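Reading the structure
So you can see what is in the structure, the chains are spelled out below.
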Amino acid sequence: MMSRKTNRCATASAALASIVLILGGYTATHAEEAGKPDYAKMSPEALAEHLILESGSFDLDQPAQEGGTARDRMIQDNLQKLCSKVRNKPNAEQAGQIIAAARASIQYPEGEIPLGDWKKGGDLAWGGFGYRLAHNPDDHSTRDPSGNCYNCHALSPQRTGGDLGPSLRGYGIIRGNTEATRRFVYEMIYNPHAYFPCTHMPRMGAKGLLSQEAIADIMAYLLHPESPVNQ
Amino acid sequence: MIRHALLVLAVTIGVPAHADPSQNPVEVLKELINSVDSAYLTQSDQNLMMMEDNPALWTVEEGKALFHAQRGPKNVSLETCDFGMGPGKLEGAYAAMPRYFKDTGKVMDLETRLVHCMTTIQGFPADDPAVKQRHGSDTDHMKLQSYITAQSNGMPWNPLMDHPLEKAMRDAGEVIFYRRAGSLDMSCQTCHGTTGKRIRASVLPDVNVPQEWTKAISWPAFRVGHQETRSSQHRLRGCYWQMRQAGPVAGSPATIAVLSFWTDMARGQPAILPDMKR
């Protein structure tokens, strides 16, 4: 809701900027002739919003896998907006607000937090399928979306994972497969901004990218004693 | 061996001695590697070896023939096309793009400028395959782009920022670069904002290290994994796809804004054209 409002606001201020220009007796450029706002008079932020959402620069009408269109993907929510603005370095007050909002977003399964099937979880953790659009959109009717964890984390010793995030090798051995660990890992997968405001890690639960079952499977892959992660 | 001979041929024709586009791009890269400690630049010894015989050098040669050939409904060459340095002047032109063009009143990247010249000077309809097909070593676009960009090999990136629109597009491009959105909350910064980090097994270039960033933005490049010569616009589309954001339209203002910012971030560092990438 908020993001749509600000978006309209940016468009309005762009429109206002061009009115001011016309009144100011400004010599017309090609851009203006075409009825477009004068890019040079807009703030970088307003111009960026205009270019992304109003200039035909993206295929915004492409249907998104979760419903809606690619346009919805490009409109920022509050968290994305704030973290972009501060380039992922929120001050203490902003961090507090982000953490509180993230905590409030987390929905828990009833009863204890379960571990699923670590084999399935391994496939999900090592998969990059899901939610991609553009020239090669993922068809979710053929396969469930996966977790992308391997892009950023080392997981099992057999394969090379990324290092944008810390290594999770031996995670279950190091952290112990306790209720407290399970809760922490669940919350990290669901919305990691509850612990690391403006982290690079995606909100797999809060954004509905992974099902409860998939989260349980991935958790088992990290924590189950028989999982390759803990060998 | 034959390739080697061709390479020598490719790089000795029509290039004045004072500039260095005639250097093999791999030498430009090696000098960079010696100037900075970078895991990104040094991640593939194999690519460094293969680059001596980069297949993209053939694409450059084909582009040269195409550029000077009389083509299109008007049966003229591209020799009167102005890439910013004056009609037909290619040396160093690409290193200063995207830039503002008075005749269109717009900031244009190489690809859109080429489309402009092919449609206006040569009279190609916009939906002609010569204009429309952008991807793959066999397309006119990749050939022409490879030839034109090779005339900036070894030259420092130097986007002008003289015209207010050039600055406006660059600054909007910076905002777009850092703008998180999409399913995974990613921006370009997520993967290109720290030094020496890996996504999967690939070491990623850091936008804040100009010596790395110049290689990152040196396109066209032969992509070994695709066995094709690829463009800047192709790379951009791939990264938007990974970010789970909307697909960018080639030549659109937002893409030109991003290219304006990314070129500015490599300012002063030598272009490696054509390059070879994973």
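Our structure is the block above this text.
Since we're looking at a predicted model, the values are computed, not measured.

**Things to note about the interface of chain A and chain B**
- Each partner contributes to the interface: chain A provides 55 residues, whereas chain B provides 44 residues.
- Here chain A and chain B share an interface that buries about 4,400 Å² over both sides, 58% of which is from carbon and sulfur atoms.
- Linking chain A with chain B are five salt bridges.
- For Glu49(A), the salt bridge goes to Arg179(B), with nearest N and O atoms at 2.9 Å.
- The interface formed by chain A and chain B holds 29 residue pairs in polar contact (both at pLDDT 80 or more) in total.
- For the side of chain A that touches chain B, the secondary structure elements donating two or more residues are helix H3 (44–54), helix H4 (70–74), helix H5 (78–85) and helix H8 (149–152) of chain A.
- The residue makeup of the side of chain A that touches chain B, split by class, is 24 nonpolar, 20 polar and 11 charged.

**Let's talk about the state of the cysteines**
Residues and elements named next belong to chain A.
- Within the structure shown, the criterion is met by two disulfides over all chains.
- Paired through a disulfide, Cys83 and Cys198 show a sulfur-sulfur distance of 2.1 Å. Looking along the S-S bond of the Cys83-Cys198 disulfide, the torsion reads about -85°, which is the left-handed sense. Taken together, the residues span a long stretch of sequence, with Cys83 in helix H5 and Cys198 in the loop between helix H10 (179–190) and helix H11 (212–223) at a distance of 115 residues.

**Brief notes about the sheet that holds strand E5 (residues 221–223) of chain B**
Residues and elements named next belong to chain B.
- Within the open sheet, the three strands sit side by side as E6-E5-E7. Their pairing is mixed. Lying at the two open borders of the sheet, with one neighbouring strand each, are strand E6 (228–230) and strand E7 (275–277). Averaged over neighbouring strand pairs, the angle between their axes works out to 35° when direction is ignored.
- Bridge count between E5 and E7: three bridges; the pairing is parallel. For Arg223, the partnering residue across the bridge sits in E7 and is Lys277.

**Section: H5(A)**
Residue and element names in this part refer to chain A.
- All buried positions along H5 are accounted for by Leu79, Gln80, Cys83 and Ser84. End-on, the buried residues of H5 take up no more than an arc of 125°, which puts them together on one face.
- With a side-chain oxygen positioned 3.2 Å from the backbone nitrogen of Leu79, the residue opening H5 is Asp77.
- Of the residues one or two after H5, Arg87 is the one with positive phi, at around 50°.

**Some points on the packing of H10(A) against H11(A)**
Residues and elements named next belong to chain A.
- Interaxial distance between H10 and H11 falls to 10 Å at its minimum, and their mutual angle equals 125°. By the criterion of interaxial angle, the relationship of H10 to H11 is oblique. Our pair here, H10 against H11, has a crossing hand that is right-handed. Within the contact between the two elements, H10 uses Thr181, Arg182, Val185, Tyr186, Ile189 and Tyr190 and H11 uses Gln212, Ile215, Ile218, Met219, Leu222 and Leu223.
- Residues of the contact of H10 with H11, tallied by class, amount to nine nonpolar, two polar and one charged.

Criteria and thresholds
- Residues numbered from 1 in each chain as written.
- Chains lettered and ligands numbered in written order.
- Predicted model: local features only at pLDDT ≥ 70, side-chain atom pairs only at ≥ 80, totals over all residues.
- Heavy atoms only, no water.
- Contact = heavy atoms within 4.5 Å.
- Buried area = accessible area lost by both parts, 1.4 Å probe.
- Salt bridge = Lys/Arg side-chain N within 4 Å of Asp/Glu carboxyl O.
- Polar contact = N/O pair within 3.5 Å; in protein donor to acceptor, adjacent residues only side chain to side chain.
- Helix = DSSP H or I, 4+ residues; strand = E, 2+ residues; numbered from the N terminus.
- Nonpolar A, V, L, I, M, F, W, Y, C, P; charged D, E, K, R; others polar.
- Disulfide = S-S within 2.5 Å.
- Pairing = 2+ DSSP bridges.
- Axes fitted to C-alpha atoms, helices over the stretch in contact; angles between N-to-C directions.
- Buried < 20%, exposed > 50% of the residue type's maximum accessible area, 1.4 Å probe, protein only.
- Arc of directions from axis to C-beta.
- Parallel < 35°, antiparallel > 145°, perpendicular 65-115°, else oblique.
- Left-handed = near helix turned anticlockwise from the far one by under 90°.

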